[in-house]
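These are the residues of each chain, in order.
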Amino acid sequence: VQLVESGGGLVQPGGSLRLSCAGSGFTFSSYHMSWYRQAPGKERELVAGITGTGGHTNYVDSVKGRFTISRDNAKNTLYLQMNSLKPEDTAVYYCNAVGLLLLEYWGQGTQVTVSS
């Protein structure tokens, strides 16, 4: 099983990034997928989640209206479109997959830095 994130980088405040997470080795469409983030000195927090079919999503209040989670099950890929980025969005972003019997997988993370 692999989850490989990409798309992180350095962006100015107000800018945009799109993160991707490519899954392999499991039935991607059967798994609830989420994005988490962890800033230095802080606990890992849930940013957004999406059901297997993509029919339902949820977001932490601090990103509502700015971030959009989506998935393409044909490509086994999860996305996070991040707009109007703020310095407080700076963190390592992780992809997470949870399936039946609470089988859970994590990616290695991708760094997002918002700074002028």
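Every chain is numbered independently, its residues counted from 1 as its sequence is written. Totals for whole chains, interfaces and linings use all residues, but because this is a predicted model, local features are given only for residues with pLDDT of at least 70 and pairs of side-chain atoms are given and counted only at 80 or more. The side-chain numbers reported here are obtained from all heavy atoms of the structure, hydrogens and water having been left aside.

Enquirer: Explain the sheet that holds strand β3 (residues 17–24) to me, please; I cannot follow it from the model alone.
Expert: One key point about sheets: their strands pair by backbone hydrogen bonds, in either a parallel or an antiparallel sense. With antiparallel pairing, four strands are arranged side by side in an open sheet as β1-β3-β8-β7. Bordering the open sheet on either side are β1 (2–6) and β7 (67–72), each of which pairs with just one other strand. Strand-to-strand twist across the sheet, computed as the mean angle between neighbouring axes with direction ignored, equals 15°. Pairs of strands are assigned from DSSP output, requiring at least two bridges between the strands. Secondary structure follows DSSP: runs of H or I at least 4 residues long count as helices, runs of E at least 2 residues long count as strands, and numbering of each begins at the N terminus. The sheet contact formed by β3 and strand β8 (residues 77–82) spans six bridges and is antiparallel. Opposite Arg-18, over in β8, you have Gln-81 as the bridge partner. Geometry is summarised by axes, namely lines fitted to C-alpha atoms with helices restricted to the contacting stretch, and by angles between N-to-C directions that run from 0 to 180 degrees.

Enquirer: Explain the nonpolar core to me, please; I cannot follow it from the model alone.
Expert: In summary, soluble globular proteins display a tendency toward joint burial of nonpolar side chains. Side-chain atoms within 4.5 Å link the members of a nonpolar core, which is a set of buried Ala, Val, Leu, Ile, Met, Phe, Trp, Tyr and Cys residues. Here's how the labels work: a residue is buried when its accessible area is under 20% of the maximum for its type, exposed when over 50%, partly exposed in between, all with a 1.4 Å probe on protein chains only. Judged by nonpolar contacts, the single largest core of 27 residues is most densely connected at Met-33, Trp-35, Leu-78, Leu-80, Met-82 and Tyr-93. Listed by contribution, the elements that provide at least two residues to this core are β3, β4 (32–38), β5 (45–50), β7, β8, β9 (91–98) and β11 (110–114). Considering each element in turn, this core owes the most residues, four residues, to β9. By definition, residues are in contact when any of their heavy atoms lie within 4.5 Å. The residues touching Tyr-93, leaving out its near neighbours within four places in the chain, are Glu-5, Leu-19, Trp-35, Tyr-36, Arg-37, Val-47, Phe-67, Leu-80, Met-82, Gly-109, Thr-110 and Val-112.

Enquirer: Would you explain the state of the cysteines in this entry?
Expert: Disulfides are defined in this document as cysteine sulfur pairs within 2.5 Å. Counted by the stated rule, this structure contains one disulfide. Here Cys-21 engages in a disulfide with Cys-95; their sulfurs sit 2.1 Å apart. On the sign convention where negative is left-handed, the bridge of Cys-21 and Cys-95, at about -75° about the S-S bond, is left-handed. Highlighted residues: Cys-21 in strand β3 and Cys-95 in strand β9, separated in sequence by 74 residues. By the burial criterion, Cys-21 is buried, and Cys-95 matches it.

Enquirer: Looking at this structure, how should I read the environment of Glu-104?
Expert: Tracing the backbone shows Glu-104 in strand β10 (residues 104–106). By relative accessible area, Glu-104 is classed as partly exposed at 41%. Setting aside residues up to four positions removed in sequence, Glu-104 forms contacts with Asn-96, Ala-97 and Val-98. Polar contacts, as used here, are pairs of N or O atoms within 3.5 Å; protein pairs need one atom able to donate a hydrogen and one able to accept it. Residues neighboring in sequence count only if both atoms are side-chain atoms. In this structure the side chain of Glu-104 is engaged in a polar contact, spanning 2.8 Å, whose partner is the side chain of Asn-96.

Enquirer: Explanation requested: the environment of Lys-64 in the structure shown.
Expert: Of note, Lys-64 is situated in the loop between β6 (57–59) and β7. Linking Lys-64 and Ala-48, residues 16 residues apart in sequence, is a C-alpha distance of 9.2 Å. Among the polar contacts made by the side chain of Lys-64, one reaches the side chain of Asp-61 at a distance of 3.0 Å.

Enquirer: What am I meant to see in the packing of aromatic side chains here?
Expert: Each aromatic ring pair is characterised by the separation of its centres together with the angle its planes make. We call Phe, Tyr and Trp rings a pair once their centres come within 6.5 Å, taking the six-membered ring for Trp, and we label the pair stacked below 30 degrees between planes, edge-to-face above 60, and tilted otherwise. Summed over the entire model, instances satisfying the criterion amount to six aromatic pairs. Ring plane angle 45° and centroid distance 6.0 Å describe the contact between Phe-26 and Phe-28, whose orientation is recorded as tilted. Given the relative accessible area of 12%, Phe-26 is considered buried. The interplanar angle of 40° and the centroid separation of 5.7 Å between the aromatic rings of Phe-26 and Tyr-105 together place this pair among those described as tilted. Taken together, the residues span a long stretch of sequence, with Phe-26 in the loop between β3 and β4 and Tyr-105 in strand β10 at a distance of 79 residues. With relative accessibility at 22%, the residue Tyr-105 sits in the partly exposed group. A cation over an aromatic ring shows up here: Arg-44 above the ring of Tyr-94, its NZ or CZ 3.8 Å from the ring centre. The ring of Trp-106 is capped by Arg-44, whose NZ or CZ atom sits 4.6 Å from the centre of that ring. Both a distance and an angle decide whether a charge sits over a ring: NZ of Lys or CZ of Arg must be within 6 Å of the ring centre and within 35 degrees of the ring normal.

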